[in-house]
Amino acid sequence: MTEPILQVEDAVCAFGGLRAVDNCSFEVEAGTITGLIGPNGAGKSTMFNLITDMVPLQSGRIFFDGRRLDGIPPHSVARRGVARTFQIPGELGRMTVLENLALVPEGQLGEAMFTSLFAPGIVRRQEERIRDQAREVLGLLQLTHLEEELAANLSTGQKKLLEIGRALMASPKLVLLDEPAAGVNPTLMRNIAQTIKGLRDERGITWVIVEHDVPLIMEMSDRVIVMAEGKVIANGTPEEVRSDRRVLDAYLGGVAA
Ligand SMILES: Nc1ncnc2c1ncn2[C@@H]1O[C@H](COP(=O)(O)OP(=O)(O)OP(=O)(O)O)[C@@H](O)[C@H]1O
Ligand SMILES: [Mg+2]
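Residues numbered from 1 in each chain as written. Chains lettered and ligands numbered in written order. Predicted model: local features only at pLDDT ≥ 70, side-chain atom pairs only at ≥ 80, totals over all residues. Heavy atoms only, no water.

1. Concerning the nonpolar core
Among the nonpolar cores identified, the biggest contains 46 residues, and Ile196, Trp207, Ile209 and Val226 are the most heavily contacted of them. Of the residues forming this core, the biggest block, 6 residues, is contributed by helix H6 (residues 156-169). One finds Ile5, Phe64, Leu174 and Ile225 within the second-largest nonpolar core, a separate group that totals 29 residues. (Core = buried A, V, L, I, M, F, W, Y, C linked by side-chain atoms within 4.5 Å. Buried < 20%, exposed > 50% of the residue type's maximum accessible area, 1.4 Å probe, protein only. Helix = DSSP H or I, 4+ residues; strand = E, 2+ residues; numbered from the N terminus.)

2. So, the pairing of strand E2 (residues 18-29)
Here 9 bridges tie strand E1 (residues 4-15) to E2, and the two strands are oriented antiparallel to one another. Paired with Val8 across the strands is Phe26, a residue of E2. (Pairing = 2+ DSSP bridges.)

3. Details of the domain arrangement of the protein
Under the domain assignment, the protein is made up of domain 1 (4-91 + 172-256) and domain 2 (95-153). Tallying the contact residues gives 8 residues for domain 1 and 7 residues for domain 2. Across the interface of domain 1 and domain 2, roughly 640 Å² is buried in total on both sides, 52% from carbon and sulfur atoms. Counting across the interface, domain 1 meets domain 2 through 1 salt bridge. For Arg203, the salt bridge goes to Glu136, with nearest N and O atoms at 2.6 Å. For the pair domain 1 and domain 2, the number of links is 2 residue pairs in polar contact (both at pLDDT 80 or more). Within the side of domain 1 that touches domain 2, the residues separate by chemical class into 3 nonpolar, 2 polar and 3 charged. (Domains from an automatic or database assignment. Contact = heavy atoms within 4.5 Å. Buried area = accessible area lost by both parts, 1.4 Å probe. Salt bridge = Lys/Arg side-chain N within 4 Å of Asp/Glu carboxyl O. Polar contact = N/O pair within 3.5 Å; in protein donor to acceptor, adjacent residues only side chain to side chain. Nonpolar A, V, L, I, M, F, W, Y, C, P; charged D, E, K, R; others polar.)

4. Digging into the layout of surface pockets
Estimates place the volume of the largest pocket at around 600 Å³. What lines the largest pocket is a set of 20 residues, among which Ala78, Val82, Ala83, Val104 and Ala170 lie closest to the centre. Where the lining of the largest pocket is concerned, the elements lending two or more residues are helix H2 (74-80), strand E6 (82-84) and H6. A per-element tally of the lining of the largest pocket places H2 first, with 5 residues. Each residue belonging to the lining of the largest pocket can be placed in one class, and the counts come to 12 nonpolar, 3 polar and 5 charged. (1 Å grid on protein atoms, 1.4 Å probe; cavity = no way out; pocket = protein on both sides within 12 Å on 5 of 7 lines; lining within 4 Å. Points joined across faces, edges and corners; volume = space filled by probe spheres on them.)

5. Thoughts on the sheet that holds E2
Spatial ordering of the open sheet is given by E2-E1-E4-E5, a layout of 4 strands whose pairing is antiparallel. The open sheet is flanked by E2 and strand E5 (67-68), the only strands paired with a single partner.

6. Remarks on the packing of aromatic side chains
For the coordinates displayed, the defined rule picks out 0 aromatic pairs. Lying across the ring of Phe63, Arg68 places its NZ or CZ 5.9 Å from the centre. (Phe/Tyr/Trp six-rings, centres within 6.5 Å; stacked < 30°, edge-to-face > 60°. Lys NZ or Arg CZ within 6 Å of the ring centre and 35° of its normal.)

In structure tokens, the structure reads:
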């Protein structure tokens, strides 16, 4: 493996007596797509919460770009270039799709009263740049026709795509997607998967994707990590993971239960 962009070392997170993440270690190589799969309750979303410092690590360490990522505030994680989406979308329903994207970039000069009063031209140009970026993101996600729609009126699938869009607006190095395909039309999701691969190849964006659509994940990922009951039970290429007995057992056990 070349330089890992993300390293998780012996991560532990317990809720009461339950070890939601139980001594997990893995690395993610820059410019790759990693699928993170496993049965319900395996600890996948909690792993994202740990990486983004939304819940604290009880023990272990997380490195991003060679520097410690754990124990810093979530907005500092974002500033370092880590963006995420949530299993339940968090759009602002009374704003349009375009406005939801435009409010993401940090340090908008328009927010500083002094600048708006004394340098309105600078503010306007910056706002135009952000809107152009938002329109580009909408194009990538095939949402251009919904630019002026109120976010509340989107379908579940479209809200999922808007979440990805908000992540991209932060110009991230690493994007964590939590169940992007849930509720998204399968044909559209396959197109989005191609877009994600394109952003990996052309912009070097690294992706970690939690998803229950296993065929989709196997098709789009360079590496697949499998969690069950808080532990990493397999980590390899899609081919290696597909034929791993422990993975089959974890999924079949989950179905049987
Ligand atoms: N904030 C919390 N407080 C208490 N328990 C929690 C909390 N967050 C997660 N858990 C528990 O930790 C375990 C792992 O949950 P997590 O949401 O990480 O699973 P998951 O792999 O994302 O599952 P799913 O595929 O259903 O989304 C579950 O048993 C869950 O109930
Ligand atoms: Mg989850």
